Amino acid sequence: MTCTHCGRRPASAGNTLCPECLAAGVHPPFAPAGPPVAPLPSSGLPVAPPPGAPFAPPPGFALPPGLALRSPVGLGRAAVTLLALVAVADLFAVWADALQLDGAGRGRTSDLADLATGLTGGAQVLTLLGAMVVYLCWLYRVRINAEVFDLASQSLRRGWAIGAWFCPVVNLWFPRRIVLDIWDASAPQGRPAGHGLINGWWALWLVSVFVDEAATREVTEGAVWTARVLLFSDLTDMVAAVLAALVVLRLTRMQNEKALGPSPYTSVLG
């Protein structure tokens, strides 16, 4: 290669000028071409996909195993139906309790009251067991959905959504805490939902449990007192079942609307 300045002498190694031109202080007319440089991004913020495009998580981001949105609508409807049957069974139990109270006040027993008590007691057990199974399945599903919405807002591990109901002592407040966490994670962005419905349901549920426990123990006050306690227990349990159904309806609707709204959750809804 000859010198690009004088064109007569050979260029020095690694340069486009000869030694004489370099000694004279001549600068090369152009710099040697280097490897292409990638253009810098215009912004460090992630670019939103166009409307209708499938959601792609950010690079390096992955949901923990087992986390994926699944629709709670089917289980929610089944749970509400069974809770409604629980309330109906409680209503008939209230009628049977009223018959027992009337008979106890008169100092005599009634075959109709005894038959009604036996039938409604069996109906209460069957409907409560069915509602419990479906409700826990629904609760576990909405708990997983809540982790997809906001994992950091869940204060207890996922297994407590079911186990908390069967552990003594903690079953007095853990289930309410779990439902509250799910409720807050499922609320619309920037519009937190109040907790009055959940608090009312849980308070009545605890009252019905304690009163029913008191009614099943041996007492000295007599049949009248027992019939009154059973009547009050069935009334509170009926109202608690209605409020529980309303909680299921509201929470299912919130999760469904949040998943189907303008958010990246739509494409993973199962």
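Explain the overall build of the protein chain to me, please; I cannot follow it from the model alone.
The helix and strand inventory of the protein chain stands at 7 helices and 0 strands. Going residue by residue from the N terminus, the α and β elements of the protein chain occur as α-α-α-α-α-α-α. Taken across its 270 residues, the protein chain has 33% of its residues classed as buried. Expressed as a percentage of contacts within the protein chain between residues at least 6 apart in sequence, the contacts between residues at least 24 apart total 64%. Of the roughly 16,200 Å² of accessible surface on the protein chain, 67% is carried by carbon and sulfur atoms.

Help me understand the pattern of salt bridges, please; the structure alone is not making it clear to me.
Between side chains of opposite charge, a pair can form when the charged atoms approach closely. Within this structure, the stated rule accounts for 3 salt bridges. A salt bridge links arginine 177 to aspartate 181; the nearest nitrogen and oxygen atoms lie 3.1 Å apart. A residue pair is termed a helical-turn pair when its members lie 3 or 4 positions apart in one helix, as arginine 177 and aspartate 181 do in helix α5 (residues 174–186) at 4 residues. In this structure, a network of salt bridges that share partners links the residues Arg143, Glu147 and Arg158.

Which parts of the structure should I look at to understand the side chain of glutamine 255?
Considering the arrangement of structural elements, one finds glutamine 255 in helix α7 (residues 223–260). Within the structure, glutamine 255 has its side chain in polar contact with the side chain of asparagine 145 (distance 3.0 Å). Contacts of glutamine 255, omitting those with residues within four sequence positions, involve Pro72, Val142, Asn145, Ala146, Phe149, Ile182 and Ser186.

Looking at this structure, I do not really get the packing of helix α2 (residues 73–106) against helix α3 (residues 111–150). What am I missing?
Between two packed helices, both the angle of their axes relative to each other and the distance between the axes serve to describe the pair. Interhelical geometry of α2 versus α3 gives an angle of 160 degrees and a closest axis separation of 8 Å. When the axis of α2 is compared with that of α3, the two are roughly antiparallel. Here α2 runs over α3; the crossing is left-handed. The residue inventory of the contact of α2 with α3, partitioned by class, reads 23 nonpolar, 7 polar and 3 charged.

Hey, could you run me through unusual backbone geometry in this one?
It is generally the case that most residues other than glycine have a negative phi and that most peptide bonds are trans. Positive phi is not limited to glycine here, since valine 169 has a value of about 70 degrees. The exposure class of valine 169 is exposed, given its relative accessible area of 55%.

Would you mind showing me how to read the confidence of the model for the protein chain here?
For residues with low pLDDT, the predicted coordinates do not support detailed interpretation. Mean pLDDT over the protein chain works out to 80, with 76% of the residues at or above the 70 mark. With pLDDT under 50 throughout, residues 40–49 is counted as low confidence; its partners more than four residues away or in other chains account for 0 contacts. For residues 266–270, every residue scores under 50 in pLDDT, and the model assigns this stretch 13 contacts once sequence neighbours within four places are set aside.

The rules behind each value
Residues numbered from 1 in each chain as written. Predicted model: local features only at pLDDT ≥ 70, side-chain atom pairs only at ≥ 80, totals over all residues. Heavy atoms only, no water. Helix = DSSP H or I, 4+ residues; strand = E, 2+ residues; numbered from the N terminus. Buried < 20%, exposed > 50% of the residue type's maximum accessible area, 1.4 Å probe, protein only. Contact = heavy atoms within 4.5 Å. Areas by Shrake-Rupley, 256 points an atom, 1.4 Å probe, with all protein chains shown as cover. Salt bridge = Lys/Arg side-chain N within 4 Å of Asp/Glu carboxyl O. Polar contact = N/O pair within 3.5 Å; in protein donor to acceptor, adjacent residues only side chain to side chain. Axes fitted to C-alpha atoms, helices over the stretch in contact; angles between N-to-C directions. Parallel < 35°, antiparallel > 145°, perpendicular 65-115°, else oblique. Left-handed = near helix turned anticlockwise from the far one by under 90°. Nonpolar A, V, L, I, M, F, W, Y, C, P; charged D, E, K, R; others polar. pLDDT = per-residue confidence, 0-100.

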